[in-house]
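Now for the letters of each chain:
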Amino acid sequence: MISTAALAALALGMQAPSWTWTLYEGSGPVVLAYERPDTPDLRTTLECSAGSGIVRVSVYDSALKPGFATVTSGEQTATMEAAPGADHAIVASLRTDHPVFSRFSTSGALSMTVGEARQDIQFDSVHLAKLRRFADLCGG
């Protein structure tokens, strides 16, 4: 007969990993992903070619639809195209020298609005160093 403690340990081992921000750098693009590690689950990715000065922001399975997006961080705002991407993503590009991206890389908060739909991207303070490293790697 299996003990209650053993059942609890087994249940914990079967739980999906929690959501976290992971930075991938090396050969190929630089990617900062909000994911469940070791699963195909993604909510948001930031991607660039190192030194390019352009970041692609992709949000997955969001209420956002393609169209013109208002992207905001703090008091900084920009309007850009939100286009369909792979795997049901909506993708917008930001220049790293734009005030919206500068504010985002220091605050960790960004929102994208298309029509009535809004998607917030938020970094907890423990993950801000990854966002700043990403911004440094992508800057042109």
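To be clear, the structure that these remarks concern was listed above.
Residues numbered from 1 in each chain as written. Predicted model: local features only at pLDDT ≥ 70, side-chain atom pairs only at ≥ 80, totals over all residues. Heavy atoms only, no water.

### Things to note about the side chain of Thr22
The line we're drawing: Where helices and strands are cited, they refer to DSSP runs of H or I of at least four residues and of E of at least two residues respectively, numbered from the N terminus. Pairs of N or O atoms within 3.5 Å make up the polar contacts considered here, provided that, within protein, one atom can donate a hydrogen while the other can accept it, and that residues adjacent in sequence are counted only when both atoms are side-chain atoms. Residues count as neighbours in contact if any of their non-hydrogen atoms are within 4.5 Å of one another.
Relative to the helices and strands, Thr22 is located in strand E1 (residues 20-24). For Thr22, the side chain forms a polar contact with the side chain of Glu35, separated by 2.9 Å. What Thr22 contacts, discounting residues up to four positions off in sequence, is Val31, Leu32, Ala33 and Glu35.

### Notes on the sheet that holds strand E5 (residues 67-73)
The strands making up a sheet associate through hydrogen bonds between their backbones, and the pairing can be parallel or antiparallel. Spelled out, the test is: For two strands to be treated as a pair, DSSP must find no fewer than two bridges joining them. Convention adopted: a line fitted to C-alpha atoms gives each axis, helices being fitted over their contacting stretch, and angles between N-to-C directions are expressed from 0 to 180 degrees.
Taken in spatial order, the nine strands of this open sheet run E1-E2-E3-E4-E7-E6-E5-E8-E9, and their pairing is antiparallel. Two strands lie at the open edges of the sheet, namely E1 and strand E9 (117-122), each paired on one side alone. Sheet twist, expressed as the average angle between the axes of neighbouring strands with direction ignored, equals 25 degrees. Bridge count between E5 and strand E8 (residues 109-114): three bridges; the pairing is antiparallel. For Val71, the partnering residue across the bridge sits in E8 and is Met112. Relative to strand E2 (residues 30-35), helix H3 (residues 128-138) is tilted by about 155 degrees, and along the sheet it contacts E1, E2, strand E3 (42-48) and strand E4 (54-60).

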